[in-house]
Amino acid sequence: MPLTRPTTSTSTSTSIITVALALALAFTLTWSSTTPTVAGPSDTGIKGAIDTILTDSRLDGGAASVVVADATTGETLYQRDGADRLMPASNTKLPTSVAAMALLGPDYRYRTDALTTGSRNGSVLRGDLYLRGTGDPTTLAADYDDLAARVADSGIKRITGRLIADDTRFDTQRLGRSWAADDESSYYSAQISALTVAPDTDYDSGTVIVEAAPGAEPGSAPELTLTPRTDYVDLDMRGATTVPAGQPNTLTIERRHGSNTISITGNIPLGANAAKEWVTVWEPTGYAAAVFADALTAHGVRITGRTHLSRPTPMDAKPLATHTSMPLKELIRPFMKLSNNMHAEALTKTIGYETTGKGTWSAGLAGIATYLKKEGVNTATLRQVDGSGLSRMNNIPAAEFAKLLLAVRTAPWYADWYASLPVACAPDRATGGTLRSRMCKTPAAMNARAKTGTLTGASALSGYVTDAGGRELVYSIVLNNYLASSVKSIEDAIVTTLASSTKTTSTLVRPTTQRAATPTTEATDSTLECSWRKPSLC
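Residues numbered from 1 in each chain as written. Predicted model: local features only at pLDDT ≥ 70, side-chain atom pairs only at ≥ 80, totals over all residues. Heavy atoms only, no water.

A.B. asks: So what's going on with the sheet that holds strand S16 (residues 302-303)? Residues and values would help.
C.D. replies: Spatial ordering of the open sheet is given by S5-S6-S8-S16, a layout of four strands whose pairing is mixed. One side of each edge strand has no neighbouring strand; the edge strands of this open sheet are strand S5 (119-121) and S16. Here S5 runs beside strand S6 (residues 124-126); their pairing, made up of three bridges, is antiparallel. Of the residues in S6, the one forming a bridge with serine 119 is arginine 126. (Pairing = 2+ DSSP bridges. Helix = DSSP H or I, 4+ residues; strand = E, 2+ residues; numbered from the N terminus.)

A.B. asks: I'd like a description of the state of the cysteines, backed by residues and values.
C.D. replies: Considering all chains together, one arrives at one disulfide under this definition. One disulfide bridge connects cysteine 425 with cysteine 440, the sulfur atoms lying 2.0 Å from each other. Here cysteine 425 and cysteine 440 share a disulfide; its torsion about the S-S bond, 110 degrees, makes the bridge right-handed. Taken together, the residues span a long stretch of sequence, with cysteine 425 in the loop between helix H10 (414-419) and helix H11 (429-432) and cysteine 440 in the loop between H11 and strand S19 (449-455) at a distance of 15 residues. Judged by relative accessible area, which is 18%, cysteine 425 ranks as buried. (Disulfide = S-S within 2.5 Å. Buried < 20%, exposed > 50% of the residue type's maximum accessible area, 1.4 Å probe, protein only.)

A.B. asks: So what's going on with empty space enclosed by the protein? Residues and values would help.
C.D. replies: A full pass over the atoms with the stated rule returns four cavities of 30 Å³ or more. Quantified by volume, the second largest cavity comes out at close to 50 Å³. Forming the walls of the second largest cavity are Gly135, Asp136, Pro137, Phe170, Gln191, Ile192, Ser193, Thr196, Ser205, Met342 and Ala346. Residue composition of the lining of the second largest cavity, by class: five nonpolar, five polar and one charged. (1 Å grid on protein atoms, 1.4 Å probe; cavity = no way out; pocket = protein on both sides within 12 Å on 5 of 7 lines; lining within 4 Å. Points joined across faces, edges and corners; volume = space filled by probe spheres on them. Nonpolar A, V, L, I, M, F, W, Y, C, P; charged D, E, K, R; others polar.)

A.B. asks: Report on the environment of glycine 61, specifying residues and quantitative values.
C.D. replies: Tracing the backbone through its elements, the reader meets glycine 61 in the loop between helix H2 (46-53) and strand S2 (63-70). Classification of glycine 61 by relative accessible area gives exposed; the value is 59%.

A.B. asks: Can you lay out the nonpolar core for me, pointing to particular residues and giving the numbers?
C.D. replies: Core analysis: the largest hydrophobic core is formed by 43 residues, its most contacted members being Leu328, Tyr371, Val408, Trp413, Trp417 and Tyr464. Per element, the largest residue contribution to this core is six residues, and it comes from helix H9 (residues 398-407). Apart from residues no more than four positions distant in its own chain, tryptophan 413 is found in contact with Val98, Met101, Ala102, Pro106, Tyr371 and Val408. Of all hydrophobic cores here, the second largest spans 38 residues; its members include Val210, Ala289, Val291 and Phe292. (Core = buried A, V, L, I, M, F, W, Y, C linked by side-chain atoms within 4.5 Å. Contact = heavy atoms within 4.5 Å.)

A.B. asks: Break down helix H7 (residues 341-356) for me, with residues and values.
C.D. replies: With 16 residues, H7 extends 23 Å from end C-alpha to end C-alpha; this agrees with the ideal 22 Å at 1.5 Å per step. When H7 is considered as a whole, its buried residues turn out to be Asn341, Met342, His343, Ala344, Glu345, Ala346, Leu347, Thr348, Lys349, Thr350, Ile351 and Gly352. Along its buried surface, H7 packs onto helix H3 (93-103), helix H6 (328-337) and helix H8 (361-374). Capping the start of H7 is the job of one residue whose side-chain oxygen sits 3.0 Å from the backbone nitrogen of methionine 342: asparagine 340. Looking at the residues trailing H7, positive phi occurs at glycine 357, about 85 degrees. (Expected span 1.5 Å × (residues − 1). Polar contact = N/O pair within 3.5 Å; in protein donor to acceptor, adjacent residues only side chain to side chain.)

A.B. asks: I'd like a rundown of the sheet that holds strand S15 (residues 275-280), residues and numbers included.
C.D. replies: Strands belonging to one sheet form pairs held by backbone hydrogen bonds; the direction of such a pair is parallel or antiparallel. As summarised here, the arrangement of the three strands in space is S11-S10-S15, forming an open sheet in which the pairing is antiparallel. Across the chains shown, the open sheet's two edge strands, defined by having one partner strand only, are strand S11 (223-227) and S15. For this sheet, the mean inter-axis angle between neighbouring strands, taken without regard to orientation, is 20 degrees. (Axes fitted to C-alpha atoms, helices over the stretch in contact; angles between N-to-C directions.)

A.B. asks: Pulling in residues and values, what's your account of the side chain of asparagine 394?
C.D. replies: The residue asparagine 394 is located in the loop between H8 and H9 in this model. Separated by 2.7 Å, the side chain of asparagine 394 and the backbone nitrogen of valine 385 make a polar contact.

A.B. asks: I'd like a description of the packing of aromatic side chains, backed by residues and values.
C.D. replies: Considering all chains together, one arrives at 10 aromatic pairs under this definition. Seen from their ring centres, tryptophan 179 and tryptophan 361 are 6.0 Å apart, and the 75 degrees between their planes marks the pair as edge-to-face. Residue tryptophan 179 is found in the loop between strand S9 (163-166) and strand S10 (207-213), and its partner tryptophan 361 is found in helix H8; the two are separated by 182 residues along the sequence. Note on accessibility: tryptophan 179 and tryptophan 361 belong to one class, buried. With centroids separated by 5.6 Å and ring planes inclined at 65 degrees, the aromatic side chains of tyrosine 418 and tyrosine 464 adopt a geometry described as edge-to-face. In this pair, tyrosine 418 sits in helix H10 while tyrosine 464 sits in strand S20 (residues 458-466), placing the two residues 46 residues apart along the sequence. Given the relative accessible area of 0%, tyrosine 464 is considered buried. An aromatic cluster of at least three residues, connected via ring pairs, comprises Tyr414, Trp417, Tyr418 and Tyr464. Between the NZ or CZ atom of arginine 169 and the centre of the ring of tyrosine 353, over which it lies, the distance is 4.0 Å. (Phe/Tyr/Trp six-rings, centres within 6.5 Å; stacked < 30°, edge-to-face > 60°. Lys NZ or Arg CZ within 6 Å of the ring centre and 35° of its normal.)

A.B. asks: Before we move on, could you go through the packing of H3 against H8 and cite the residues and values that matter?
C.D. replies: The relative placement of two packed helices comes down to the angle between their axes together with the axis-to-axis distance. Following both chains from N to C, one finds H3 and H8 inclined at 85 degrees, their axes separated by 9 Å at the closest point. Judged by the angle between their axes, H3 and H8 are roughly perpendicular. Facing Pro95, Thr96, Val98, Ala99, Ala102 and Leu103 of H3, the residues of H8 in contact are Gly367, Ile368, Tyr371 and Leu372. (Parallel < 35°, antiparallel > 145°, perpendicular 65-115°, else oblique.)

A.B. asks: A description of unusual backbone geometry should follow, citing residues and the corresponding values.
C.D. replies: Backbone torsion omega between threonine 227 and proline 228 reads -10 degrees, so that peptide bond is classified as cis. Here proline 228 is to be found in the loop between S11 and strand S12 (234-243). The backbone of tyrosine 203 sits at a positive phi, close to 60 degrees, despite the residue not being glycine. Residue placement: tyrosine 203 occurs in the loop between S9 and S10. Of the residues examined, tyrosine 203 reaches a relative accessible area of 14% and is grouped as buried. For glutamate 283, which is not a glycine, the phi torsion comes out positive at approximately 70 degrees. Relative to the elements of secondary structure, glutamate 283 occurs in the loop between S15 and helix H5 (284-298).

A.B. asks: Describe H8, naming the residues involved and giving the relevant values.
C.D. replies: The terminal C-alpha atoms of H8, which comprises 14 residues, lie 20 Å apart, in line with the 20 Å expected from a rise of 1.5 Å per residue. Among all positions in H8, only Trp361, Ala363, Gly364, Leu365, Gly367, Ile368, Tyr371 and Leu372 are buried. In the core, the buried residues of H8 are packed alongside H3, H7 and H9. One or two positions beyond H8, positive phi appears at glycine 376, with a value near 90 degrees.

Structure below.
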């Protein structure tokens, strides 16, 4: 069985060392070591500092897998149960993202096409219009509007056939393996399709944004705004009411299972800020087709026939208009900075399609595994079942993350990928991402870069940091099975300790204390990835 906490020795010599260290720490948080940091029992450098941090009571009964290495030499400087398989949450995006850069290439782009097999008779197109997606998770309503405008600019005013939405680049499995049923309405668990819509430039594909503001007076219905404006979803606010100022705000916005009816229920007091929720749609292919059809109508193009979904475009179809996505080296920034699950899954299926001709999770994950083996990662010691880490079936040891972080440093696309990692305390959300409010006023601020990861009872942080002596370090911290609402400050303490130390001097930075949760404590917002707690800016 893997160790979940360091074993306390009963030997006299070890006890003396432990007591001495405790007494020293009572007077100072800094001590020096004249020998290289190793994992020996008498070490008082990085090992002693991180061991002390991991005694935090929030980890009692939990599991910790931690590895630190010299980025230049690859030497392991610290390891605690590095081979233990733990649930990495969004650190799963590390293998997905590097495999995408390696297998697809930094200049890879998606296409969304409007095509036809019909013939022109003046302003009339006799035949069907096809909308073909290839997996772009960043397509906005404005992009569909631009496609529609170009169809109209070609002189077409009426289409006698049908609008056919072609999402066949990917399979029809919409949700990942073991994704939680109670996340179905949550935007970070949207359905995956090769043809979809993102409502804003966070590019949360397969979702709409619903805003509910107080009505004009108590008893009136809230005022609703939907982005993008579409009839594809229905807003049901029969259970929502504006109440006098000062009363509790109990408003909730959630999509009903298996439908596109979004229920707005509860009370919103006068003077309250508008509630804002990113809500998933049921069947994103239909969503994309509806947005495109509305855009055609707005540009004066009328379609006579009905809309059909998930049918392939004939080989002889001729393009009328094309939208091309940003290159992967740019797409990877909102993907990694904001920990976008839908980007991870779209890229996984894209890897499958480009390597085997099958846009499936299984093909994509096989492609990722093959790449990881090439980079020296022992794939026999891990399990990856999705691209994002939303599944609780993923198990990856910290040691394998560390190997990967070391290996990719020589890749030709490394600089672009490295730039996609969140930066500690960088105030710009597009730079700091999920780390923008962490490790501020410490040597790790604007220094540490890492991928975060959070699910209930699982937290991870893996990346790079430069120590006080100018040495670049690689680290991977995976913490599991704790009951506290958050263990982020433990991760931050480890990284800040690394940033504060040199080869011969280690500076212990203790984690801030937080109240531990009881087994009956309900999950709070801190149990989700920072960027998933919209509209919070982390």
